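# Chains, contacts and geometry: an overview
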Amino acid sequence: MSEINTFKDLEIDDTFIAKLEQNQITVPTGVQKQAIPLIQQNQNLLFQSETGTGKTLAYALPLLNKIQTIENSKKEILILVTAPTFELASQIKNQFKMVSDIKTALLIGGAPIKRQIETLKEKPAVVIGTPARLVELIHLKKIKLEGLQAIVLDEVDRLLSPELRDYTEELINCPKKDVQLIACSATISAATQKVLNNAKVKSDGTKSAEIQTLFLPPEDVLKKRITHIAIFAERRDKIDTLRKLLVAENPSKALVFTSKLDQVQNIVSKLKYKNIECMFLHAKMDKQERKSAMDKFRSGKCKILVTSDLTSRGLDIPDISHVIQMDMPSNDDFFIHRAGRTARAGKTGINIVIGDEYEMQKYANLEKKLGLTVYPKVLFKGKLVAPQQDE
């Protein structure tokens, strides 16, 4: 097999390649080199690749290539993509629109359903949305899947979590005919693989073709491109430590995570009281507020965004210099997803955990498990320094 060095080698259409080049994307990533040929062969595919490695284009390009050659005289929906959050679904739509003018609709919960029904009357070939809203529109017979070619589950582990699993499984089995199933994430569990294989069994007992799995060896983004730092702070001192850290580091763009939803606004209000400009983002905000906060952070108008784990998965926000974790998440995968918001597209970044004694021990255990090097630091005279300089 000849070596793959370009999108032309992957038999991607010239019109898509031209759009990629306009966005300074000229060389396919590792996951794109391996996933695109399998998707072009109509394989059902479950693939895992680290954050920031180009998973969306790995499925978008071959699927767009495929539907370009289909005579869609009835203007049917040909591709259905689902993602766990509004933010990720919106980002996926932007990636599709970046490379193609094929009509695409975004259908997410919390937005007016009447407007979305009007959008469907425009006959999009690609529909992207959150699972509950997609299922609702299918029940209302506003989404019809007779012509569907492929279903994509982006961040599949999250889509198969207890709160979303029923909707996701229903989506997989909605089409009456057999369609291509593609699923991806940065972290994929054995349970996810089992559920996906079981979900491909139809109600009449027939089973679709096996799902191929593609697990790319890690590029060690966590180890090679991210500097990991630990700062000890008692629980009551954490927000003040964060304030001093932001002053000391003056990050170009920082994403601050907390597992506790009620702490998001508390952190922001205390930072603002100390004249540190920042915004917050969490799941209980309405869609317009979430979009506004994300747009300002993405554009750089706001340099600091405090959030729950809502934004830890899948989102590709350019130029995040610092990820700051105000606690250690209960699930190791969340640590990986959080840290993976920085050092994207070949850049480097800094991941800092502000933790108490229990969290520092947990961080030390994770350091061994993931093979990381964590540097203890303290804040001294307005600078972030190694502990011995404080003696």
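Residues numbered from 1 in each chain as written. Predicted model: local features only at pLDDT ≥ 70, side-chain atom pairs only at ≥ 80, totals over all residues. Heavy atoms only, no water.

### Thoughts on the environment of leucine 370
Mapping leucine 370 onto the fold places it in helix α15 (residues 357-370). The class of leucine 370 is partly exposed, set by a relative accessible area of 21%. Residues leucine 370 and isoleucine 77, 293 residues apart in the sequence, show an inter-C-alpha distance of 42 Å. In contact with leucine 370, not counting residues within four places along its chain, are Leu222, Lys223, Phe335 and Ile336. (Helix = DSSP H or I, 4+ residues; strand = E, 2+ residues; numbered from the N terminus. Buried < 20%, exposed > 50% of the residue type's maximum accessible area, 1.4 Å probe, protein only. Contact = heavy atoms within 4.5 Å.)

### Re the environment of glutamate 359
Note on placement: glutamate 359 falls in helix α15. The class of glutamate 359 is buried, set by a relative accessible area of 5%. The contacts of glutamate 359, once residues within four sequence positions are left out, are Arg235, Lys238, Met326, Asp327, Met328 and Ile354.

### As for a positive patch on the surface
Where like charges cluster on the molecular surface, the positive patch consists of Lys123, Lys141, Lys142, Lys144 and Lys176. Mapped onto the fold, lysine 123 is located in the loop between α5 (113-120) and β4 (126-129). With a relative accessible area of 46%, lysine 123 lands in the partly exposed category. (Patch = residues over 30% accessible without salt bridge, like charges linked within 9 Å, V, L, I, M, F, W, Y side chains within 5 Å. Areas by Shrake-Rupley, 256 points an atom, 1.4 Å probe, with all protein chains shown as cover. Salt bridge = Lys/Arg side-chain N within 4 Å of Asp/Glu carboxyl O. Lys, Arg positive; Asp, Glu negative; His and termini not counted. Charge placed at Lys NZ, Arg CZ, Asp CG, Glu CD.)

### Some points on the side chain of serine 49
Position of serine 49 relative to the elements: it lies in the loop between β1 (44-48) and α3 (55-68). Residue serine 49 is classed as buried on the basis of its relative accessible area, which comes to 4%.

### What to know about the pattern of salt bridges
What the rule picks out here adds up to 17 salt bridges. For lysine 121, the salt bridge goes to glutamate 118, with nearest N and O atoms at 3.0 Å. Across the salt bridge formed by aspartate 240 and arginine 243, the nearest N and O atoms sit 3.0 Å from each other. Here aspartate 240 pairs with arginine 243, and both are found in helix α11 (residues 238-249), just three residues apart, close to one helical turn. Counted as one network, the salt bridges with shared partners bring together Asp240, Arg243 and Lys244.

### Thoughts on the sheet that holds strand β5 (residues 150-154)
Pairing is parallel in the open sheet, where seven strands are placed in the order β3-β4-β2-β5-β6-β1-β7. Looking along the sheet, the strands with just one partner apiece sit at the ends: β3 (104-107) and β7 (211-215). Here the average twist between neighbouring strands, direction ignored, is 15 degrees. The strands that helix α4 (residues 86-99) touches are β2 (79-82), β3, β4 and β5; relative to β4, the one it contacts most, it runs at about 155 degrees. The sheet strands contacting helix α9 (residues 190-199) are β1, β5, β6 (180-185) and β7, and the helix crosses β7 at an angle near 160 degrees. (Pairing = 2+ DSSP bridges. Axes fitted to C-alpha atoms, helices over the stretch in contact; angles between N-to-C directions.)

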